[in-house]
Amino acid sequence: MEAGRFCHRRKKGHAYVSTDLMVMLERLSAAYGPQGWWPLPTLAGIDGRNRVGYRAAPSMPVPSDAINASQARFEIAVGAVLAQNTAWTGATKAILALHHAGFLSPGVLAGIDETLLGNTIHAAGTFKIKARYLKALATAWPAFEFEQPTRTQLLTIQGIGYETADCILLYCFGQPVFIGDAYARRILLRTGFFSSQQSYESTRRAAALLLPLDATYLAEAHALIDEHGKRCCRAKPLCKACPLTRYCLDARC
Ligand code: SF4
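What you are looking at is a predicted structure, and each value in this text was computed from that prediction instead of being measured. Numbers given to residues run from 1 along each chain, matching the order in which its sequence is written. Where totals are concerned, whole chains, interfaces and linings use all residues; where local detail is concerned, this predicted model gives features only for residues with pLDDT of at least 70, and gives and counts side-chain atom pairs only at 80 or more. Here the side-chain values reflect all heavy atoms present in the structure, with hydrogen atoms and water set aside.

**Q** So what exactly am I meant to see when it comes to the nonpolar core here?
**A** Nonpolar side chains in soluble globular proteins tend to be buried together. We define a nonpolar core as any set of buried Ala, Val, Leu, Ile, Met, Phe, Trp, Tyr and Cys residues linked to one another through side-chain atoms lying within 4.5 Å. Three labels apply to residues, based on accessible area from a 1.4 Å probe with only protein chains included: buried if under 20% of the type maximum, exposed if over 50%, partly exposed otherwise in between. Among the nonpolar cores identified, the biggest contains 73 residues, and Leu82, Leu98, Leu134, Leu137 and Ile168 are the most heavily contacted of them. Numbering goes from the N terminus for both helices and strands, where a helix is a DSSP run of H or I of at least four residues and a strand is a run of E of at least two. The set of elements that each furnish at least two residues to this core consists of helix 1 (21-32), helix 2 (69-82), helix 3 (88-101), helix 6 (127-140), helix 8 (162-172), helix 9 (182-190), helix 10 (200-208) and helix 11 (215-231). When residues no more than four places from it in sequence are discounted, the contact partners of Leu98 are Val78, Leu82, Phe103, Leu104, Leu109, Leu117, Thr120, Ile121 and Leu134. Contacts are residue-level and defined by heavy atoms, with any inter-residue pair within 4.5 Å sufficient.

Structure below.
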């Protein structure tokens with residue numbers, strides 16, 4: 001199959017195989033409820049967020065009523081770097097450690113000793129390299145306070161790859177992009193949207209053609225897909241508990 005093209009296979013014996021990604025996302029939403037990403041641990045319990053920093057309903061990633069939208073954007077970008085290759089619980093601990101130490105601002109992070117920064121974000125794993133990445137992000141960040149970054153600009157910053165750049169564009173700046181991360185690629189392959197493994201870029205482009213160009217929608221879609229990847233569609237899938245069994249070519253139940 002050509003990269004980026006969806007195939008619409010039909011599973012023998014199934015009355016219906018959805019080829020509609022929006023329908024599947026609706027089912028995930030019905031099963032898991034609103035996700036309210038991106039979580040902001042420093043605003044946990046305030047600004048309409050629950051005790052771990054998620055909003056109660058899908059909304060613009062940085063709502064206009066955020067206590068400090070500029071600070072929220074930077075926290076999201078820092079979280080996107082800290083969450084690379086690790087669970088969100090570890091990233092949360094690192095964000096709160098930065099917050100409590102008074103380091104969670106571009107000016108402070110850019111000038112801080114790298115070893116001290118690494119020790120502070122220890123909970124996020126690979127802390128030495130993430131400290132370097134955070135300093136690069138903090139150094140570049142002030143320019144984005146006045147003008148939204150382009151994807152190309154973000155990709156020039158050390159430690160920022162496609163997925164991190166797109167998370168920043170979507171959740172910090174409300175740009176409508178689909179996050180073609182490992183969970184999305186796995187789920188779209190298993191449910192038959194793809195007939196072979198796809199790259200991040202081809203997944204991003206192909207899925208975006210099927211979904212509304214709306215940042216709030218795509219922010220929630222990414223959250224639902226990741227929730228599904230963690231709960232059910234794991235490397236070893238838990239198909240019996242899956243809300244997509246009816247639509248899935250790989251259902252093992
Ligand atoms: S039925 Fe199984 S393989 Fe298919 S989406 Fe659900 S968990 Fe994944």
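**Q** I would appreciate a short explanation of the site of the ligand in the present structure.
**A** Whether a residue is near a molecule or strand depends on its heavy atoms: it is near if one of them lies within 4 Å of it. Within the structure, the ligand sits among Arg190, His228, Cys232, Cys233, Pro237, Cys239, Cys242, Thr245, Cys248 and Ala251. In this classification, the charged set is Asp, Glu, Lys and Arg, the nonpolar set is Ala, Val, Leu, Ile, Met, Phe, Trp, Tyr, Cys and Pro, and all remaining amino acids, among them Gly, are polar. Of the residues contributing to the shell around the ligand, the split by class is 7 nonpolar, 2 polar and 1 charged.

**Q** How do you make sense of helix 3 when you look at a structure like this?
**A** One full turn of an α-helix is made of 3.6 residues, so residues set three or four places apart face in the same direction. The length a helix should cover is 1.5 Å for every residue beyond the first. Taking 1.5 Å per residue as the helical rise, helix 3 with its 14 residues ought to reach 20 Å, and the 20 Å between its terminal C-alpha atoms agrees with that figure. Among all positions of helix 3, only Trp88, Gly90, Ala91, Thr92, Ala94, Ile95 and Leu98 are buried. Looking at the buried side of helix 3, the elements it contacts are helix 2, helix 4 (106-111), helix 5 (114-120) and helix 6. Just downstream of helix 3, Gly102 is the residue with a positive phi angle, here 80 degrees.

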